[in-house]
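Below are the chains, spelled out letter by letter.
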Amino acid sequence: MLERYLPSKRDTWTWHLADLKDVVEIVNMSELMFQQEIESVFTPNRRMLTKYLAQAIIAQTYNPLEKQIIIARDNTTEALVAWAWLGRGGYTMYAPEEFAEAHFAHIDLNFSTRNRVTIMAQILQQWRMWCQSAGIPVLVSTSIREDQAGFMHLHQQAGFVIRGSFAYLKITYEP
């Protein structure tokens, strides 16, 4: 899979679980770098994102297997460089398996392509490990972005099955 991207000493960032103090920076990053991707379809609402993000972080604090909101911060400046949100409890109308759904994966667009790929690969690995810990059999990731080829290719490298703009991973459990 993508083991070469596992967090290492060469990374200039460190991963953490998100905390309420991170909400404003997360929302700011989302607006600055990614809002234009949704504006032609949805009406962005800062208050709504702030509310639901804060609620999810509180839920994660009390039940870490309900949601996963992670952030990466620069080791020197402590600046937010990436964040991701994964939730559980999804089901299709045609199969009994629960799935975890990726809600967001945002990475500072000022980072080099190499660093963005590394961070996204680390996000995918963290999502997979979280699903394994939570006993969730399927992980679903999708994109609304216009240019999603590289994003989907990385998913494919990680073992996901690609169907249009959706990527599905059947979670395997290793003893």
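These remarks concern the structure in this document.

A few points about the packing of aromatic side chains
Note on aromatic pairs: each is described by the distance of the centres and the angle between the planes.
Now for step 1: Taken as a whole, this structure holds 5 aromatic pairs when the rule is applied.
Now for step 2: When the centroid spacing of 6.5 Å and the interplanar angle of 45° are considered together, the rings of tryptophan 83 and tryptophan 85 count as tilted. Accessibility assignment for this pair places tryptophan 83 and tryptophan 85 in one class, buried.
Now for step 3: Three or more aromatic residues joined by ring pairs form one cluster here, namely Trp83, Trp85 and Phe104.

What about the pattern of salt bridges?
Now for step 1: Following the criterion strictly, the structure yields 6 salt bridges and no others.
Now for step 2: With its nearest N and O atoms 2.6 Å apart, the salt bridge here joins glutamate 25 to arginine 73. Of this pair, glutamate 25 sits in helix H1 (residues 23–34) while arginine 73 sits in strand S2 (residues 67–74), and the two are 48 residues apart along the sequence.
Now for step 3: On the basis of relative accessible area, arginine 73 is assigned to the buried category, the value being 9%.

Let's talk about the nonpolar core
Now for step 1: Membership of the largest hydrophobic core comes to 32 residues, with the highest contact counts inside it found for Ile119, Trp127 and Leu139.
Now for step 2: Put simply, the parts of the chain that give this core at least two residues each are strand S1 (13–17), S2, strand S3 (80–90), strand S4 (99–107), helix H3 (113–134), helix H4 (149–157) and strand S7 (166–170).
Now for step 3: In terms of residue count, H3 provides more of this core than any other element does, 9 residues in total.
Now for step 4: Leaving out residues up to four positions away in the same chain, leucine 139 has contacts with Leu86, Ala100, Trp127, Arg128, Cys131, Phe160, Ala167, Tyr168, Leu169 and Ile171.
Now for step 5: Of all hydrophobic cores here, the second largest spans 17 residues; its members include Val27, Met33, Leu49 and Trp85.

Observations concerning the side chain of threonine 118
Now for step 1: Locating threonine 118 in the fold gives a position in helix H3.
Now for step 2: Judged by relative accessible area, which is 7%, threonine 118 ranks as buried.
Now for step 3: Each residue touching threonine 118, except ones within four places of it in the same chain, is listed here: Tyr5, Asp11 and Trp13.

Overview of the sheet that holds S1
Now for step 1: Spatial ordering of the open sheet is given by S1-S2-S3-S4-S5-S7-S6, a layout of 7 strands whose pairing is mixed. Looking along the sheet, the strands with just one partner apiece sit at the ends: S1 and strand S6 (161–163). With strand direction ignored, the average angle separating the axes of adjacent strands in the sheet is 20°.
Now for step 2: Where H4 meets the sheet, its contacts fall on strand S5 (138–142), S6 and S7, and the angle it forms with S5 comes to roughly 160°.

Let's talk about helix H2 (residues 46–62)
Now for step 1: Counted at 1.5 Å a residue, the expected span for H2 with its 17 residues is 24 Å, and the 25 Å between its end C-alpha atoms agrees.
Now for step 2: Residues of H2 that are buried include every one of Leu49, Leu53, Ala54, Ala56, Ile57, Ala59 and Gln60, and no others.
Now for step 3: Its buried side turned inward, H2 meets S1, H1, S2, S3 and S4.
Now for step 4: Looking at where H2 begins, the residue whose side-chain oxygen comes 3.1 Å from the main-chain nitrogen of arginine 47 is asparagine 45.

Quick word on the packing of H3 against H4
Now for step 1: Close contact between H3 and H4 brings their axes to 10 Å; oriented N to C, the two are set at 50°. The orientation of H3 relative to H4 falls into the category oblique. Helix-helix and strand crossings are classified by hand; for H3 and H4 the assignment is right-handed. Only Phe151, Leu154 and His155 of H4 make contact with H3, whose side of the interface consists of Val117, Met120, Ala121 and Leu124.
Now for step 2: Of the residues contributing to the contact of H3 with H4, the split by class is 6 nonpolar, 1 polar and no charged.

A word on a nonpolar patch on the surface
Now for step 1: A cluster of nonpolar side chains, Leu20, Ile58 and Tyr62, forms an exposed patch at the surface whose accessible area comes to about 350 Å².
Now for step 2: With respect to the element layout, tyrosine 62 can be found in helix H2.

The rules behind the values
- Residues numbered from 1 in each chain as written.
- Predicted model: local features only at pLDDT ≥ 70, side-chain atom pairs only at ≥ 80, totals over all residues.
- Heavy atoms only, no water.
- Phe/Tyr/Trp six-rings, centres within 6.5 Å; stacked < 30°, edge-to-face > 60°.
- Buried < 20%, exposed > 50% of the residue type's maximum accessible area, 1.4 Å probe, protein only.
- Salt bridge = Lys/Arg side-chain N within 4 Å of Asp/Glu carboxyl O.
- Helix = DSSP H or I, 4+ residues; strand = E, 2+ residues; numbered from the N terminus.
- Core = buried A, V, L, I, M, F, W, Y, C linked by side-chain atoms within 4.5 Å.
- Contact = heavy atoms within 4.5 Å.
- Pairing = 2+ DSSP bridges.
- Axes fitted to C-alpha atoms, helices over the stretch in contact; angles between N-to-C directions.
- Expected span 1.5 Å × (residues − 1).
- Polar contact = N/O pair within 3.5 Å; in protein donor to acceptor, adjacent residues only side chain to side chain.
- Parallel < 35°, antiparallel > 145°, perpendicular 65-115°, else oblique.
- Left-handed = near helix turned anticlockwise from the far one by under 90°.
- Nonpolar A, V, L, I, M, F, W, Y, C, P; charged D, E, K, R; others polar.
- Patch = residues over 30% accessible without salt bridge, like charges linked within 9 Å, V, L, I, M, F, W, Y side chains within 5 Å.
- Areas by Shrake-Rupley, 256 points an atom, 1.4 Å probe, with all protein chains shown as cover.

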